[in-house]
Each structure stands twice: as C-alpha cells, then as structure tokens.
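Residue strings, one per chain:
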Amino acid sequence: MTVLDDSTAPGLVGPPHSHGPRRDPAPLLPDPEPVRILGTPAAKTFDAELQRDLYRRLVLGRRFNQQATTLTRQGRLAVYPASTGQEACQITAAMVLREVDWLFPSYRDTLAVVARGVRPLDALTLMRGHAHSGYDPYEHRIAPLSTPLATQAPHAVGLAHAARLRAATDPAAAEDLVALALVGDGGTSEGDFHEALNFAGVLGAPVVFLVQNNGYAISVPLASQSAAPSLAHKAVGYGIAGRLVDGNDALAMHSVLSAAVEHARSGRGPVLVEAVTYRLDAHTNADDATRYRSAAEVDAWRARDPLTLLEGHLRAAGLLDDAGVAAAAKAAEVLAGEIRAQFDNPPDPDPDSLFTHVYARPTSQLREQAAELAARLDADADAALAAATDAEDEAR
Amino acid sequence: MSTTMVAALNAALRDSLREDASVHVLGEDVGTLGGVFRVTDGLAAEFGAQRCLDTPLAEAGILGTAVGMAMYGLRPVVEMQFDAFAYPAFEQVVSHVAKMRNRTGGRMGLPITIRVPYGGGVGGVEHHSDSSEAYYAHTPGLHVVTPATVADSYGLLRSAIASDDPVVFLEPKRLYWSAADFSPAEVSTAQVPPIGRAMVRRPGTSATLLTYGPSLPVCLEAAQAARAEGWDLAVVDLRSLVPFDDETVCAAVRATGRAVVVHEAAGFAGVGAEIAARVTERCFHHLAAPVLRVTGYDIPYPPPMLEKHHLPSVDRILDAVARLQWEQ
C-alpha cells in the first residue's frame with residue numbers, strides 16, 4: 001500500500017485530476033533500439049532508384065566535407081566544423097523537405113544547407129569570415145546557420161506556428177509547411193531546446209527536431225551530457241512523439257525523417273528524431289580529438305561509415321557496380337572543382353557593409369561612424385599610393 | 001478625458017491589432033487575465049486567443065517563438081512580465097533579435113516589440129524593480145524606447161509596433177497608474193511621435209536636466225522646486241535611448257551650459273555615463289561645469305522598505321544642481 005492509494009486509505013485524498021488531460025505516453029515512446037533498414041528485410045522493398053540517389057548524394061556530401069576541410073588547411077576558410085560521418089543525416093534532412101518547408105540549421109549543418117540548393121561559397125560564407133551569412137534565407141527557406149546551440153529551435157516553432165496562423169486567417173496564403181530544426185546531442189542540454197519542445201507541444205506546431213547524436217559535444221561524451229534513456233525519450237515529457245534511428249543508415253534516416261515530416265505536416269503534432277551517428281573528424285580543424293576519444297573507438301565507427309554501409313548494401317543487392325561507383329566519384333570531383341573555382345578570388349567584403357544593415361535605416365551615430373571609417377580608408381589608400389609613388393621615384 | 005498609462009498602452013495594442021492583421025501579442029498571462037498590470041486587458045476577448053496568446057512560462061521560448069513568427073512576416077508584440085523576468089530571454093535578444101538583420105545582410109529584419117515593465121518605486125519585492133535599460137542600449141541592433149507620459153505611451157508603442165526594427169519598449173511601471181487628459185481616438189497618424197526624438201518638456205535657462213521614463217516626473221518636480229532657489233531648469237525627456245537624439249540633447253545643454261543626467265538605474269557604466277560622455281564630447285566649450293549624474297546607487301535593487309533612499313529624489317537632484325559651479 002502506498003500513501004497515495006486512496007482506495008485503501010480513505011483519510012488520504014489523492015491529487016485531483018483536473019489540471020488538463022492525461023495522455024497515454026506509449027505512442028510517443030521511441031523504439032528501444034534505433035530503427036535500421038540496411039541489412040533487414042525492409043531494405044528489399046525500399047525504392048531502388050531512391051537508394052541509388054541516396055548513394056550519389058552521400059558521395060557528393062563526403063566530397064564536400066573533404067573539400068571544405070582542405071580549404072581550412074589552405075587558409076581559405078577560417079574554420080570548418082565537418083559533418084564527416086554524419087552525411088546520411090545531413091543529406092536526408094535536406095531531401096525530405098519540400099520547397100515550401102523551412103530548415104533551421106546549426107553551425108555543423110553546412111552540408112544540409114548545400115544539399116538544399118545553396119551555392120557552396122554562400123553556405124560557407126560564415127566560415128570564410130566574409131559575412132555572418134551568405135545566402136538569402138527567404139530564397140532557400142533556410143535560416144542562417146546558428147552558432148548558439150539550440151537557439152534556432154524556438155524559431156522553427158514560431159515560424160511553423162505563424163504559418164498555421166496565417167493558413168487559418170488567410171486561406172489564400174496558406175502554406176502547408178513544416179519546419180525542421182537541426183540540433184546536436186550537446187544542444188539538447190540547452191534551455192532553448194527544452195523550451196522549443198515545450199512550445200511545439202503546446203502549440204501543436206508542425207515542427208520536426210532532428211538531433212544528430214554524434215556522441216560528443218566537442219570533448220564531452222553523451223554520458224556526461226544526459227542521463228535520459230535516449231535523447232528521443234525526451235520527447236515524451238513534452239507530449240510529442242520521439243523516434244530513434246540509426247543515423248548512419250541512409251535508408252532508415254530517409255524513412256524515419258520522411259514519416260516525421262509528414263506526421264507534422266498532417267497536423268498530428270511535432271516529432272523529435274534522434275539519429276545515432278558519429279563525427280569521424282574532430283570538432284573543427286582547430287580541435288584535437290585524440291585528447292578525448294580512442295583510435296579504437298573511431299575505427300569501430302569507421303567500420304560503420306554511412307557511405308560504405310550503403311555502398312556495400314547496394315553492391316550486394318545488385319543496385320550498384322564499379323561503373324556506378326566511378327560515376328558517383330566523378331560527379332564528386334566535378335563538385336570539388338566547382339567549389340575550388342568559387343573560392344578563387346571571391347570578392348572582398350565591403351567595409352561599408354559594417355554599418356548598412358544594423359537597422360532598417362542607419363542611425364545618425366552609425367552614419368557618422370561609417371563616414372569616419374570611409375575617410376580613414378581613403379586616407380590609407382592615398383598614403384599607400386603616395387608611398388608607392390615615392391618608392392618608384394627612388395627606384396629611378 | 002482622463003486616461004491612465006495602462007489604458008493608453010492598452011489602446012495602442014488594440015488599435016495596432018485592429019489595423020494590422022500581422023500584429024500578434026504573446027506572453028505570460030496576457031490572454032484571459034489581461035496581464036498582471038492589465039495592459040492587455042480585453043484583447044483576447046476582442047481579437048481571439050491566437051492574436052493575444054497565453055504562452056508557457058518561459059521567456060526565451062516566448063521570444064524565440066516570436067523570432068520565428070517575425071521571420072514568417074508577423075509583427076509579434078511580446079510581454080515580459082517584469083524587468084528581471086526578461087533575463088532568461090537575453091540570449092535570444094542579443095544573439096538573434098538584435099543581429100538578424102545585420103547577419104542576413106538586410107534580408108531578414110525582425111519587427112518585434114518587446115514590452116518590459118521596468119523600474120522601482122512600487123514597493124515590489126526582489127526581482128520586480130530592476131532598471132535594465134543599459135543591457136539593451138549596449139546591444140547594437142535594438143531600439144530602446146521608454147515613454148514617460150500617457151500620450152507618449154500610446155504614440156511610442158504605436159511607432160514601436162510599426163517599426164521594421166526590433167524595439168525594447170520599457171514601460172515605467174511606477175507611472176502605469178498616472179493619468180492625463182488624453183484620448184487615443186483623437187490621435188492622428190501624423191501625431192504619433194517618431195522613435196529617436198527627445199522632447200524638451202520644460203524650457204529653462206539655468207541648467208538642463210536630462211532624463212527619461214520614471215524619472216521625468218521627479219525632474220519636473222525638481223524644476224518646480226528649483227524656482228525657489230532662483231534656478232530656471234530645463235527638462236529634456238529622452239524618450240528613446242537608442243537611437244539617441246544628440247541634436248535635441250546638445251541644443252538643450254548648449255542653451256544653459258550646465259547639465260545633470262537623472263535615472264534610476266545604477267550609475268556605473270549606466271546610460272547616464274554615455275549621455276555625460278556624449279554631451280561632454282559635443283558641448284565641451286559650452287559647459288560651465290562638469291556634467292553630473294543623479295542615479296540609483298551601485299547596489300542590487302534594494303528591498304522596498306529602503307528603496308526611497310536609492311531612487312533619485314527632488315533633493316538629490318537639487319543638490320546636484322547646486323554643485324554646478326555657480327560661483328565663477
């Protein structure tokens with residue numbers, strides 16, 4: 001007998017069940033093990049052309065990560081947080097969205113941004129250091145890459161909620177959109193992650209949260225990050241559906257994310273998807289991953305590389321041969337060449353842009369400061385010209 | 001007709017909701033209850049729960065949601081219940097609200113109004129009386145506006161909601177129940193004050209008091225009392241801390257050659273320090289004395305039984321005026 005068992009202890013009254021409905025948590029719970037399709041009977045019924053398409057895109061994605069990393073070594077990118085090993089998550093996140101949908105990426109999600117159609121140079125502008133964002137968020141329906149962790153998640157909720165509001169009041173302008181927010185395992189510890197999920201649940205907003213659990217928040221392992229049964233289980237506390245998927249299984253990723261997006265689109269509420277994956281590279285080019293993880297661990301995950309898993313499956317299923325592999329590799333080299341070409345002499349940023357967009361119209365103070373900088377730059381240019389002329393005269 | 005500041009703010013929200021379908025109010029207790037100060041009273045009943053939304057109790061979530069709504073073209077008006085309760089939203093304010101236009105090269109502006117009841121003098125217990133304006137004013141990308149009169153609370157809130165830039169709208173809760181002869185219905189669009197212009201509330205020839213928000217009535221009272229001392233004090237109501245109206249402020253200081261800045265917030269690294277510096281840089285040769293400040297002490301906001309010592313008073317203002325080097 002417990003003290004709250006009021007059937008046997010009539011003197012004790014249990015809490016009244018008047019503070020809103022209680023929901024059955026069972027349908028919200030994720031599977032105990034991550035959803036897998038590769039190596040299961042479900043792979044046989046998976047659309048063959050889609051499988052080949054996924055493979056080609058993953059090869060391109062891997063090449064993008066390699067090329068961007070190379071650009072950091074050449075000093076053409078200030079920093080690049082690679083998603084090597086997470087390509088199945090990145091690629092499918094872009095693939096499952098329609099044109100009308102919105103993507104809310106974090107700083108490690110450049111590949112998803114490119115996969116949604118942004119030119120690599122523009123997607124990497126933040127990392128080049130030329131501007132804080134290089135693409136028009138409205139053209140591609142992609143929010144700027146968010147560096148403060150999980151802070152973009154409530155934006156996804158607000159935008160999805162706003163679309164529902166507009167659809168209700170102005171049916172002619174209705175857009176049946178879904179917002180997809182990308183978060184990492186570390187980001188799930190942030191308050192904004194919690195608040196976003198709570199708001200999404202309460203508002204019933206058409207949002208999907210994709211947590212790419214790559215095992216580490218820079219150096220801190222998941223065990224030091226959360227005591228939850230899984231990150232997907234966190235959904236239950238907000239009354240939204242949690243789904244756990246193998247993030248290195250491209251077919252499972254596509255399947256689970258597609259279902260989650262359509263769940264949200266159909267008005268059945270938000271979904272939290274946890275993709276279990278691994279960051280094969282360091283946090284960024286400035287990080288030394290050997291300080292916090294073993295070579296054996298990395299090797300074990302290399303054996304589960306999403307690209308080799310998919311390639312092995314496709315070859316075994318007779319859906320891919322050497323010629324197909326070579327064709328994909330060739331397309332990847334074309335992409336790498338395009339990226340290199342885009343990074344050849346991109347225009348320098350305009351110092352005047354420092355002041356132009358702080359406000360819709362610059363304040364008088366900003367106009368003064370812009371004029372001051374412009375005058376200084378003019379004087380510097382004049383001085384440089386004079387110095388060059390002097391040097392020339394001396395040489396004569 | 002006699003109108004309180006709360007009623008004028010309520011009218012501004014109501015008129016904005018009525019005229020622009022993209023305006024949405026959201027916050028804690030703003031719907032059914034009408035807000036803890038009743039500023040949103042009746043809005044949910046008139047415009048529906050979706051236009052005046054009771055949210056979960058989470059300020060970062062409220063503002064973060066508003067950011068997403070603004071991205072989609074709505075004009076959210078967020079209520080932070082009290083000054084010190086707005087701090088959980090600070091990261092959203094600083095990292096997203098203030099920066100979104102800039103970081104997207106002007107492509108994505110966020111027309112969000114963040115209403116914050118602020119300041120003390122109402123007997124509030126801890127965390128209910130902060131003057132948080134310096135945090136916001138120090139963040140480029142925000143406009144920071146604070147009305148001190150009933151008419152301005154209507155007009156400036158209309159302007160804030162209509163602005164394409166984010167506005168932190170600081171409402172002096174000490175003046176919420178102040179009343180004036182004002183009828184929102186008689187305000188034409190042309191009369192709505194623009195953001196960024198200070199106003200000379202009282203002309204004067206001896207010295208200039210520079211103030212805003214809850215300290216304006218104190219300064220006007222001090223100016224009245226100063227007449228007995230033979231001082232004719234000008235009083236400038238800044239109304240907008242960002243953008244700052246250097247033109248009006250400097251003209252008013254040059255006209256008298258003496259200035260005292262008055263605000264409730266702690267003085268160290270406060271808005272008054274910026275004003276004193278700007279005035280000194282721009283009006284040095286017109287000044288007969290250093291620019292002085294009368295501010296709250298550099299202490300956490302005191303418990304209500306002691307707040308009278310902390311708040312700038314008529315006596316403290318007159319003492320400062322007396323120190324403006326009159327014997328020369």
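Under an unreviewed UniProt entry, the name given to chain B is 3-methyl-2-oxobutanoate dehydrogenase (2-methylpropanoyl-transferring), and the organism recorded is Frankia torreyi. UniProt, in the comment section headed Cofactor (unreviewed entry), describes chain B in these words: "thiamine diphosphate".

Going by the annotation in an unreviewed UniProt entry, the name recorded for chain A is 2-oxoisovalerate dehydrogenase subunit alpha, with Frankia torreyi given as the source organism. As recorded by UniProt, the Catalytic activity (unreviewed entry) comment attached to chain A reads in full: "N(6)-[(R)-lipoyl]-L-lysyl-[protein] + 3-methyl-2-oxobutanoate + H(+) = N(6)-[(R)-S(8)-2-methylpropanoyldihydrolipoyl]-L-lysyl-[protein] + CO2". For the record of chain A, the UniProt heading Function (unreviewed entry) holds the text "The branched-chain alpha-keto dehydrogenase complex catalyzes the overall conversion of alpha-keto acids to acyl-CoA and CO(2). It contains multiple copies of three enzymatic components: branched-chain alpha-keto acid decarboxylase (E1), lipoamide acyltransferase (E2) and lipoamide dehydrogenase (E3)."

Q: Explanation requested: the interface of chain A and chain B in the structure shown.
A: Between chain A and chain B, the contact holds 43 residues from the first and 45 residues from the second. A per-residue breakdown of the area chain A buries against chain B is headed by His155, Phe199 and Tyr359 of chain A, which together make up 19% of the total. For the interface between chain A and chain B, the tally reads one salt bridge. Residue Arg282 of chain B is joined to Glu368 of chain A by a salt bridge in which the shortest nitrogen-to-oxygen separation is 3.5 Å.

Q: Sorry if this is basic, but what is going on with the packing of aromatic side chains here?
A: Any pair of aromatic rings gets described here by the distance separating the centres and the angle formed by the planes. Counting across every chain of the model gives 16 aromatic pairs over all chains. Put simply, the rings of Phe37, Phe82, Phe85, Tyr176 and Trp177 of chain B touch in pairs and so form one group of aromatic residues. The ring centre of Tyr216 of chain A lies 6.0 Å from the NZ or CZ of Arg293 of chain A, which sits over that ring.

Q: So what exactly am I meant to see when it comes to the domain arrangement of chain B here?
A: Often, the extent of an interface is quoted as the loss of accessible area upon association of its parts. Residue and element names in this part refer to chain B. With domains assigned, chain B is organised as domain 1 (2-191) and domain 2 (199-322). For domain 1 versus domain 2, the distance between C-alpha centres works out to 26 Å. Counting residues at the interface gives 27 residues for domain 1, matched by 22 residues for domain 2. A per-residue breakdown of the area domain 1 buries against domain 2 is headed by Glu133, Thr146 and Arg174, which together make up 25% of the total. Between the two partners, domain 1 and domain 2, sit three salt bridges. The partner of Asp152 in a salt bridge is Arg239, and the shortest N-O contact between them spans 3.1 Å. Connecting domain 1 to domain 2 are eleven residue pairs in polar contact (both at pLDDT 80 or more).

Q: Looking at this structure, how should I read the packing of helix α8 (residues 153-169) of chain A against helix α3 (residues 59-71) of chain B?
A: The interhelical angle for the contact between α8 of chain A and α3 of chain B, taken along N-to-C directions, is 55°, at an axis separation of 6 Å. With respect to each other, α8 of chain A and α3 of chain B are oriented oblique. Crossing of α8 of chain A against α3 of chain B: the hand is right-handed. Contacts between α8 of chain A and α3 of chain B pair Pro154, His155, Val157, Gly158, Leu159, His161, Ala162 and Leu165 of chain A from the former with Gly61, Gly64, Thr65, Val67, Gly68, Met69 and Met71 of chain B from the latter.

Q: Explain the confidence of the model for chain A here, please?
A: As a general rule, the predicted coordinates of low-pLDDT regions are not to be interpreted in detail. Looking at chain A, the pLDDT average stands at 94 and 95% of residues meet or exceed 70. Note that pLDDT drops below 50 for residues 1-9 of chain A; the model gives that stretch four contacts with residues more than four away or on any other chain.

Reading guide: rules and limits
- Residues numbered from 1 in each chain as written.
- Chains lettered and ligands numbered in written order.
- Predicted model: local features only at pLDDT ≥ 70, side-chain atom pairs only at ≥ 80, totals over all residues.
- Heavy atoms only, no water.
- UniProt positions renumbered as here; feature names shortened; annotations may be inferred.
- Contact = heavy atoms within 4.5 Å.
- Buried area = accessible area lost by both parts, 1.4 Å probe.
- Salt bridge = Lys/Arg side-chain N within 4 Å of Asp/Glu carboxyl O.
- Phe/Tyr/Trp six-rings, centres within 6.5 Å; stacked < 30°, edge-to-face > 60°.
- Lys NZ or Arg CZ within 6 Å of the ring centre and 35° of its normal.
- Domains from an automatic or database assignment.
- Polar contact = N/O pair within 3.5 Å; in protein donor to acceptor, adjacent residues only side chain to side chain.
- Axes fitted to C-alpha atoms, helices over the stretch in contact; angles between N-to-C directions.
- Helix = DSSP H or I, 4+ residues; strand = E, 2+ residues; numbered from the N terminus.
- Parallel < 35°, antiparallel > 145°, perpendicular 65-115°, else oblique.
- Left-handed = near helix turned anticlockwise from the far one by under 90°.
- pLDDT = per-residue confidence, 0-100.

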